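Architecture and fold: a report
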Amino acid sequence: MFNVVTDTKYLILAVMISLLSLNSCSGSGDKAKAQALLDSATEAFQNGDYTKALELTDSLRSAYPSEIDIRREALHLSTRATEGLTLKRLETADSLLAVLGVRGDSLSRLVRFVENPIEGYYVAGNVKDGNIVGSNGLQARLSPSGDFYMISSLKAKQVKSTSVTVECNGERATTSTIAHDGERNDRSMGAEIITFMAPECDTVAVFIAKHVNQPMTLTFNGTSAYKMPLPKAQAQNIATLYDYAVTLRRAKLASLEKEKLTRAIDISRTQAAKTFVEKTEDEE
């Protein structure tokens, strides 16, 4: 009986030693693989391939959760790669903002501000006067806050208009329909006046800008219809003001993107400082 018990103890001990040995070998293999991934990520980072560096560090942390020390180094490297990637995006945003700034300054010389008791607005510089009421056609305007809108005016004929269409070479674009309400669609001043906000007339503005040097037809749509050539001066003015509005909007978005990226860089640098692991001489 004694020998059986003793043999059993030796057998259990042998199995435990074997398992420990296997775990040791497995752990050593995992460490080598994790280190290889870290080395590849470091090389990608040094070559400026921050996207690849982030992909490799993410793979390392996912595949080898038990390699704590290497994962710490990978975390630090990923924060630096994130900073590098964000710096690249910031450079792009800076360049775009500079280009848009130059274009905006150039276009600003082609527009002028019209005083109005309710709210002033911008029109193209060569518009004879800001008031289109009492004439026939379209006029683009820009609010002080940069909101683009268009106004249609029809005096030649009563059609109870609710929208307008612009045509050229078999193509066309139509505004949204604005029901008569005495405000945005007004017929009390001897003409049919409709105010179209940007989402309601964007497609028409883009269409006019695309065909600005070609003859276009303007149609007032209502219970009946009235067609007329879109005056070339009106087309040019609309194209100019829409270009200016789009440039201002893009510049505003680029400025916001720059602010966001600048904050992201500060966060990345703070995280990099927190995750920095100083190696001992033996580890180096």
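For clarity, every value in this text was computed on a predicted model and none was experimentally measured. (Residues numbered from 1 in each chain as written. Predicted model: local features only at pLDDT ≥ 70, side-chain atom pairs only at ≥ 80, totals over all residues. Heavy atoms only, no water.)

**Considerations on the packing of helix α2 (residues 50-63) against helix α3 (residues 68-108)**
In helix packing, the relevant descriptors are the interaxial angle and the interaxial distance, both defined with respect to the helix axes. Just so we agree on the cut-off: Between N-to-C directions, angles span 0 to 180 degrees; the directions come from axes that are lines fitted to C-alpha atoms, helices contributing only their stretch in contact. Counting from the N terminus, the helices are DSSP H or I runs at least four residues long and the strands are E runs at least two residues long. For this classification, under 35 degrees means roughly parallel, over 145 means roughly antiparallel, 65 to 115 means roughly perpendicular, and everything else is oblique. If you view the pair so one helix is near and one far, a crossing is left-handed when the near helix is turned anticlockwise from the far one by less than a right angle, and right-handed when it is turned clockwise. Any pair of residues with heavy atoms lying within 4.5 Å of one another is described as a contacting pair. Lys, Arg, Asp and Glu make up the charged group, whereas Ala, Val, Leu, Ile, Met, Phe, Trp, Tyr, Cys and Pro make up the nonpolar group; the residues left over, Gly among them, are polar.
Packing of α2 against α3 brings their axes to within 9 Å, and their N-to-C directions diverge by 155°. Judged by the angle between their axes, α2 and α3 are roughly antiparallel. Where α2 crosses over α3, the two elements pack in a sense that is left-handed. Residues Y50, T51, A53, L54, T57, L60, R61 and S62 of α2 form the contact with α3, whose own contacting residues are I70, R71, A74, L75, L77, S78, A81, T82, G84, L85 and K88. Of the residues belonging to the contact of α2 with α3, the class tally is ten nonpolar, six polar and three charged.

**Thoughts on unusual backbone geometry**
To be explicit about the condition: For every residue, the accessible area (1.4 Å probe, protein chains only) is compared with the maximum for its type, and the residue is labelled buried under 20%, exposed over 50%, or partly exposed between those bounds.
Backbone geometry places K160, a non-glycine residue, at a positive phi of 55°. Assignment of secondary structure puts K160 in the loop between β4 (148-154) and β5 (163-168). K160 sits in the partly exposed class, given a relative accessible area of 48%. Its identity as a non-glycine residue notwithstanding, N169 has a phi of 55°, on the positive side. Judged by relative accessible area, which is 60%, N169 ranks as exposed.

**A word on the pattern of salt bridges**
Heads up, the condition is: Put simply, a salt bridge is a Lys or Arg side-chain nitrogen that is within 4 Å of an Asp or Glu carboxyl oxygen.
Throughout the structure, instances matching the rule amount to eleven salt bridges. For the salt bridge of R184 with E200, the shortest nitrogen-to-oxygen distance reads 2.2 Å. With R184 in the loop between β6 (171-174) and β7 (185-186) and E200 in helix α4 (residues 198-210), the pair connects residues that are 16 residues apart, well separated along the chain. Residue classification places R184 among the partly exposed residues on the basis of a relative accessible area of 29%.

**With respect to the sheet that holds β5**
What counts, and what does not: When DSSP locates at least two bridges between a pair of strands, those strands are taken to pair.
Taken in spatial order, the four strands make up an open sheet running β6-β5-β9-β10, and their pairing is antiparallel. Only two strands of the sheet have a single partner each, and these edge strands are β6 and β10 (225-229). The average undirected angle you get between the axes of adjacent strands in this sheet is 20°. Packed onto the sheet, α4 meets β5 and β6 and runs at close to 145° relative to β6.

**Describing the environment of E83**
Here E83 shows up in helix α3. Residue E83 is classed as buried on the basis of its relative accessible area, which comes to 16%. In sequence terms E83 and L261 are 178 residues apart; their C-alpha atoms lie 9.6 Å from each other. Once residues lying within four places of it in the same chain are set aside, the contact partners of E83 are I265, S268 and R269.

**Brief notes about the nonpolar core**
Put simply, the rule is: Nonpolar cores were defined as sets of buried Ala, Val, Leu, Ile, Met, Phe, Trp, Tyr and Cys residues, with membership established by side-chain atoms within 4.5 Å.
Among the nonpolar cores identified, the biggest contains 35 residues, and L138, F148, M150, V166 and I208 are the most heavily contacted of them. Counting only elements with at least two residues in this core, the list comes to β3 (137-142), β4, β5, β8 (192-197), α4, β9 (217-221) and α5 (232-275). Discounting chain neighbours no more than four positions away, the residues touching M150 are L138, Q139, A140, I194, T195, F196, C201, V204, A205 and I238. Counting 15 residues, the second-largest nonpolar core is a separate cluster that includes A34, F45, Y64 and A81.

**Let's talk about the pairing of β10**
Consecutive side chains of a regular strand alternate in pointing toward one face of the sheet and then the other. Sheet topology note: the β9/β10 ladder contains five bridges and is antiparallel. Bridging across to β10, N221 finds its partner in A225. Hairpin connection from β9 to β10: three residues lie between these consecutive antiparallel strands.

**Examining α2**
Helical periodicity: at 3.6 residues per turn, an α-helix aligns residues three or four positions apart in one direction. We apply this condition: Here the expected length of a helix is defined as 1.5 Å per residue gap, with one fewer gap than residues. When we speak of the arc, we mean the arc of directions from the helix axis to the C-beta atoms.
With 14 residues, α2 ought to run about 20 Å at 1.5 Å a step, and its terminal C-alpha atoms sit 20 Å apart, in line with that. Listing the buried residues of α2 in full gives Y50, A53, L54, L56, T57 and L60. Angular distribution of buried residues about the axis of α2 spans 165°; they occupy a single face of the element.

Everything listed is a geometric property; what it means functionally is a separate question.
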